[in-house]
Amino acid sequence: MIATRQQRLGNFAGLGLVLVAWVLYAVYASPTQGWTFFLQLTVNGIILGSIYALIALGYSMVYGILKLLNFAHGDVYMIGSFIGFGVLSVLGGALSPAIPVVLLVLCMFAVAMIGSGVLGLVIERFAYRPLRNAPRIAPLISALGVAFFLENSALLLFGAQYRNYDGYDLISFNGIHIGGPTGVFVSYLGVIVISSSVALMVALVALVRWTRFGKAMRAVSFDREAAAMMGIDPDRVIATTFFVGSALAGAAGVMFGLVYSQIYHLIGFIAGLKGFTAAVVGGIGSIPGAMLGGLLVGMTESWAKGYLNGNVADLVVFGILIGFMLIRPTGLLGTPALQKV
Amino acid sequence: MLKKLGAVAVVAAAISVAVSTTAWGSAKGPDRVSAAAAAKVTCGKVRTIGVAAPLTGPAASIGVEQLHWAKYWAARWNRKHKSARIKIVSGDTQLGVDTAFAVKVAHSFASNSKVLAVVGPAGSQEVVASTSAYKGGSLGFISGSATRISLTDGHTDGNRIGYFYRTVPNDGVQAPRVANYMIKTLKWKRVYIIDDQETYSQGLADGVQAILKKNGVTVTRDSISQQASDFSSVIAKIPANTQGVYIPWQLAPQAQAFGQQLKAAGKSHVTLFGSDGLFSPDWKIAGSYDSFFPVSPSNATVLAYVKAHNGNGEYFGSPSYVAAQVDTLAITKACTLGHGKTTRAAVRKQIAKMKLKSSILGFPVSFSRGGDLHSPATFGIYQIQKDGTFKPVG
C-alpha cells in the first residue's frame, strides 16, 4: 500500500503548490497579515497535529493489518487521558506533586500507555476477533458499539464534569521566544509534546521496519493466510498491533490533557474523527502518511481558527476529508489496493 | 427464492403493523396527555416533580449540577415533611445535540399523571421546542438557566404565559450590568468578546457588545465551540493592547483552560471577565472578574451543599434549587386548597402567585405575568482572588 516514488512526487508537488499559495495569501493578502501571526498559528498547529498524528497512527496500523476502521480508537484516547489524570491526582495533582515533576509525567505516560494498550487488547479480543470472518460491516458496527460503550462507561465512572490537568501549573508557563518578545512563542509544554510525539513515531517506525515483530506485522498485513503458513501467529500479531496503537492513543490523551488542560467523557469523539481524517489524508495504512496527515490536519485547523473563525475550523477540516475522498481517496502516501485476479 | 420473498413480506407486514400501531398510539397520545393534564391527582404522601436537564451529551456537566441542586432541595424538604415528600424524576434532554430529546422528555412528563410540575429545561432553544408538550400537559415548568429575553414576551418565540417561569434574570439584566462595569469601573477601551456558540452565550455576548460599542469601546467578536480545548489560535488573534476578554461561557473548566493558555501565550496582562455560568471554584484565574447572582458562598444552605458534594459548589445549578423550591411550595399549597387533591392547572396557579421573601440566590422570588422574576435582582460582580475565592467588588 505504499505509493511509488513518482506518485509521491506528484502528490507533494500538488500539496506544495497549495501550501505556497496559502502562505502567500495568509501573510500578504489576508486582513490579519504578517509572518509572526502565521508562524504562531503554524506552531500551534504542529503541537495539535502531533497529537492527531499519534491518534492517526492507531487507525492506520489497525486498518493496515485488519482493513478495519476502529471507530472506538478515539475513545481509547479518551480513556488514556483519564488514566493520566488519575495518576496525576493520586500523586498529588499539578499544584502539589508528591514526586519530582519529571518522574510524575513519566509515570502518567507509562500508566496511560499501558492502560490504553491493555484496553486495546481487550477490545480486539472481545469485540473484533469473534467477527474476524464476518462481513466487513459487522466489526464496523461493533466498533461503533464499543465507542458508545466506552463513552458511557466513562460518564458513569468519572461523571460528566470536565477535569483540568493544569499542565502549565505542573510544568511551566514559560517557553521559547523566537524573534524576540513579540515574536513566535513556543511553550516548553509544546516543545515536550512535539518532541515526545516525534520520539514515539520514530520508535514505531523502527519497530515496524527493523524488528521481527515489525516484519511479522507487515507480513500479516500483506497476506494473513500466507503469513500463518510461514509460522507467524496472526492473532498474536494483530493483538500486539492493537496494543501498540492503543498505547500511542493513550500517550496522545496525556499530551492533550497537559497542553489543553480539560478532559471529559466525550473528547474522544471529535479527536477520533480528526485522527481518522489525518489517517485518510496521509493515506490510511501508511505510517508516515498518518504522521504527515496529522500535522496537516492540525495546521489546517489552527489556520482556520486564526484566519477565519472558530465556527468554521471543523468545517474546513472535514471539508478536506471530503475533498481527499473525492479527489484522491488513497491519501497522500497511499496507493490503490491491487485486485487479485 | 420464494421462501426469501415470503420472509421479506412477513417482516414488511410486521413492520407496517408496528408502524401503524405506533402511529395510532401517537395519534392517541394527545388524548392521553390531555387526560393526564385534566386529572385530579390525589396528593398523598409523595408528590412528583420532573427535572428536565442534559444529563448526558456535551452539556452534561451543567445538567448534572441542576439535577444535584434540585435533588438537594428535595432531600432537605423531605427531612422535615415526611407526610408530603417530594420525589424527583429526571429526563435527559441532551442539550446541544438535538432539541427533540427535550421534547421527548416533555412528552414523558406530560403523560405521567404523577408529575405535577417541572424544573427545566436548561436551554432557551429547549424551552421553545418543548413548550407545546408542556402546555398540552397543562404543566408549569420553571427553568433555572434559560435566559433568552424573548421567551417571556408572549409572542416572539411563542406564547407560554402561565406555563413557563424562570428563576434566573434574563440576558436583559446581566448584559447591561457587565457592560457598565467594564465601561465605568474598569474603564476598558478595547474588549475582545468570545462566545461559546450556545444560545446562552451568544445572547449575552450580543447584549454586552451592543452596549460597549454604543459607548465607544473598540470591540472584537470571536466564537469558539463549547467543546473546544485548543484556544491557541484564538489567543494568537487577541491584540496585545486588549484590556479585557469577555467570555460568557457555561463551563468553568473551559474558562480555566483558556486562562492558562492565555498566560502560557504571554498574554497574562489581559483580564478575563466571565458570566454566571463560570461562577465555580473550577475557574481560578486570579484577577478575573465574574458576574453572578448575589448568592453568598458562605450561606449555610450553600455550604451544606458544597460539603455534601465533595467540595464542588456547582453554583450554576443553584437556580434549579429555587425552581424545585417554588414547584414544591406551589404543589403543597394546591394540595392544601384542594383538600388532598389537585390538578396541574391548580399548581400552575400557585406558581404564578409564588412570593419568596428570600432565596439562596440572594434575592426574593416572584414572577411577572410573562414568567420573569418580578423585580430582577442586580447581578453582583466578583473578582477571583489568589486563593481561588470570589470576592464581591461591585
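Residues numbered from 1 in each chain as written. Chains lettered and ligands numbered in written order. Predicted model: local features only at pLDDT ≥ 70, side-chain atom pairs only at ≥ 80, totals over all residues.

Asks: Outline the overall build of chain A, listing residues and values.
Replies: For chain A, the helix and strand inventory stands at 13 helices and 4 strands. Taking 2.2 N^0.38 as the reference for a compact globule, 341 residues should give roughly 20 Å; the C-alpha atoms of chain A span a radius of gyration of 20 Å, in line with that estimate. By principal-axis analysis of the C-alpha atoms, chain A measures approximately 60 × 50 × 35 Å. Burial status across chain A gives 50% buried among its 341 residues. Intrachain contacts of chain A at a sequence separation of at least 6 include 76% that bridge at least 24 residues. (Helix = DSSP H or I, 4+ residues; strand = E, 2+ residues; numbered from the N terminus. Rg over C-alpha atoms; globule rule 2.2 N^0.38 Å. Buried ≥ 20, exposed ≤ 12 C-beta atoms within 10 Å, placed from the backbone. Contact = placed C-beta atoms within 7 Å.)

Asks: Could you give an account of the sheet that holds strand 16 (residues 390-392) of chain B, naming the residues involved and the relevant values?
Replies: Residues and elements named next belong to chain B. The strand order 8-7-9-10-11-15-16 describes an open sheet built from 7 strands, whose pairing is mixed. The outermost strands of the open sheet, each flanked by one partner alone, are strand 8 (218-223) and strand 16. Neighbour to neighbour, the strand axes of the sheet diverge by 25° on average, direction disregarded. The pairing of strand 15 (residues 380-384) with strand 16 spans 3 bridges and is antiparallel. (Pairing = 2+ DSSP bridges. Axes fitted to C-alpha atoms, helices over the stretch in contact; angles between N-to-C directions.)

Asks: Explain helix 7 (residues 188-210) of chain A residue by residue, including any values.
Replies: Residue and element names in this part refer to chain A. With 23 residues, helix 7 should cover 33 Å at 1.5 Å per step; its first-to-last C-alpha distance of 32 Å lies within 8% of that length. Residues L189, G190, V193, S197, L200, M201 and L204 constitute the buried set of helix 7. Residues of helix 7 that are buried in the fold lie against helix 2 (35-66), helix 6 (167-170), strand 2 (175-178), strand 3 (184-187), helix 10 (234-260) and helix 12 (287-308). (Expected span 1.5 Å × (residues − 1).)

Asks: Before we move on, can you summarise the sheet that holds strand 3 (residues 85-92) of chain B with the specific residues and values?
Replies: Strands in a sheet are paired, the pairing made by backbone hydrogen bonds, and the direction either parallel or antiparallel. Residues and elements named next belong to chain B. Read from one edge to the other, the open sheet built from 5 strands follows the order 3-2-4-5-6, with strand pairing classed as parallel. Each of the sheet's edge strands pairs with one partner strand only, and the pair in question is strand 3 and strand 6 (164-166). When strand polarity is set aside, the average angle formed by the axes of neighbouring strands in this sheet is 25°. Of the strand pairs in this sheet, strand 2 (residues 46-53) and strand 4 (residues 115-119) are connected by 4 bridges, and their pairing is parallel. Bridge pairing in strand 4 links I49 to A117. This element, helix 2 (residues 60-80), spans strand 2, strand 3 and strand 4 of the sheet and lies at about 170° to strand 3.

Asks: Lay out the pairing of strand 10 (residues 271-274) of chain B in plain terms, naming residues and giving numbers.
Replies: Looking along a regular strand, one sees the side chains alternate between the two faces of the sheet. Residue and element names in this part refer to chain B. Residue alternation in strand 10 divides its side chains into two sets, T271 and F273 and L272 and G274, and both sets are buried. Two strands pair when backbone bridges link them, and strand 9 (residues 244-247) and strand 10 are joined in this way by 4 bridges, in the parallel orientation. Counterpart to V245 in the pairing with strand 10 is L272. Tracing the backbone out of strand 9, into helix 8 (residues 252-264) and back to the parallel element strand 10 gives a crossover that is right-handed. (Right-handed = clockwise from strand over helix to strand, strands pointing away.)

Asks: How would you summarise helix 3 (residues 99-111) of chain B if you had to cite specific residues and measurements?
Replies: With 13 residues, helix 3 of chain B should reach 18 Å at 1.5 Å per residue; the first-to-last C-alpha distance of 19 Å fits that figure. Taken together, the buried positions of helix 3 of chain B are F101, A102, V105, A106, H107, F109 and A110 of chain B.

Asks: So what about unusual backbone geometry? Which residues, and what values?
Replies: Residue and element names in this part refer to chain B. Between G120 and P121 the backbone carries a cis peptide bond, its omega angle lying at -5°. Residue placement: P121 occurs in the loop between strand 4 and helix 4 (124-136). Phi at Q197 is positive, roughly 70°, even though this residue is not glycine. Mapped onto the secondary structure, Q197 falls in the loop between strand 7 (190-195) and helix 6 (199-214). Judged by C-beta crowding, with 17 C-beta atoms within 10 Å, Q197 ranks as partly exposed. A positive phi angle is found at H339, which is not glycine, with a value near 55°. Along the chain, the position of H339 falls in the loop between helix 10 (318-337) and strand 12 (341-342).

Asks: Please set out the interface of chain A and chain B residue by residue, giving values where relevant.
Replies: At the interface, 28 residues of chain A touch 30 residues of chain B. With 5 residues, helix 2 of chain A is the single largest residue contributor to the side of chain A that touches chain B. Residue composition of the side of chain A that touches chain B, by class: 12 nonpolar, 14 polar and 2 charged. (Nonpolar A, V, L, I, M, F, W, Y, C, P; charged D, E, K, R; others polar.)

Asks: Can you explain the domain arrangement of chain B? Please cite residues and give values.
Replies: Residues and elements named next belong to chain B. Per the domain assignment, the segments making up chain B are domain 1 (1-31), domain 2 (41-168 + 299-363) and domain 3 (172-292 + 380-392). Taking the mean C-alpha position of each, domain 2 and domain 3 sit 29 Å from one another. Across the contact, 13 residues belong to domain 2 and 13 residues belong to domain 3. Counting only elements with at least two residues in the side of domain 2 that touches domain 3, the list comes to helix 2 and helix 4. (Domains from an automatic or database assignment.)

Asks: Just give me the short version of the nonpolar core, but keep the residues and values in it.
Replies: The biggest cluster of nonpolar side chains holds 215 residues, and the ones touching the most others in it are A53, L54, I55, A251 and A252 of chain A together with V118 of chain B. Apart from residues lying up to four places away in sequence, A252 of chain A is in contact with I51, L54, I55, Y77 and G80 of chain A. (Core = buried A, V, L, I, M, F, W, Y, C linked by C-beta atoms within 7 Å.)

Asks: How would you summarise the pairing of strand 3 of chain A if you had to cite specific residues and measurements?
Replies: Sheet topology note: the strand 2 of chain A/strand 3 of chain A ladder contains 4 bridges and is antiparallel. Paired with I176 of chain A across the strands is V186 of chain A, a residue of strand 3 of chain A.

Asks: Got a sec to walk through the packing of helix 3 (residues 73-90) of chain A against helix 11 (residues 267-282) of chain A? Specific residues and values, please.
Replies: All names here are of chain A. Viewed as axis vectors pointing N to C, helix 3 and helix 11 meet at an angle of 130°, and their least axial separation amounts to 7 Å. Regarding the angle of helix 3 to helix 11, the classification is oblique. In this structure, helix 3 crosses over helix 11, and the sense of that crossing is right-handed. Contact residues: H73, G74, D75, Y77, M78 and S81 in helix 3; I267, G268, F269, A271, G272, L273 and G275 in helix 11. The residue inventory of the contact of helix 3 with helix 11, partitioned by class, reads 6 nonpolar, 6 polar and 1 charged. (Parallel < 35°, antiparallel > 145°, perpendicular 65-115°, else oblique. Left-handed = near helix turned anticlockwise from the far one by under 90°.)

Asks: Please set out the environment of V237 of chain A residue by residue, giving values where relevant.
Replies: Residue and element names in this part refer to chain A. In this fold, V237 is placed in helix 10. Overall, V237 belongs to the buried group, with 22 C-beta atoms counted inside 10 Å. Sequence separation between V237 and E151 is 86 residues, and the spatial gap between their C-alpha atoms is 27 Å. Ignoring any residue separated from it by four or fewer positions in sequence, one finds V237 in contact with A216, M217, V220 and I232.

Asks: Could you give me a rundown of the packing of helix 11 of chain A against helix 13 (residues 313-327) of chain A, with the residues and numbers involved?
Replies: Residues and elements named next belong to chain A. Taken N-terminus to C-terminus, the directions of helix 11 and helix 13 make an angle of 35°; their axes are 10 Å apart at the nearest point. At the point where helix 11 passes helix 13, the crossing takes the left-handed sense. The segment helix 11 lies against helix 13, with K274, T277, V280 and V281 engaging V317, F318, I320, L321 and F324. Residue composition of the contact of helix 11 with helix 13, grouped by class: 7 nonpolar, 1 polar and 1 charged.

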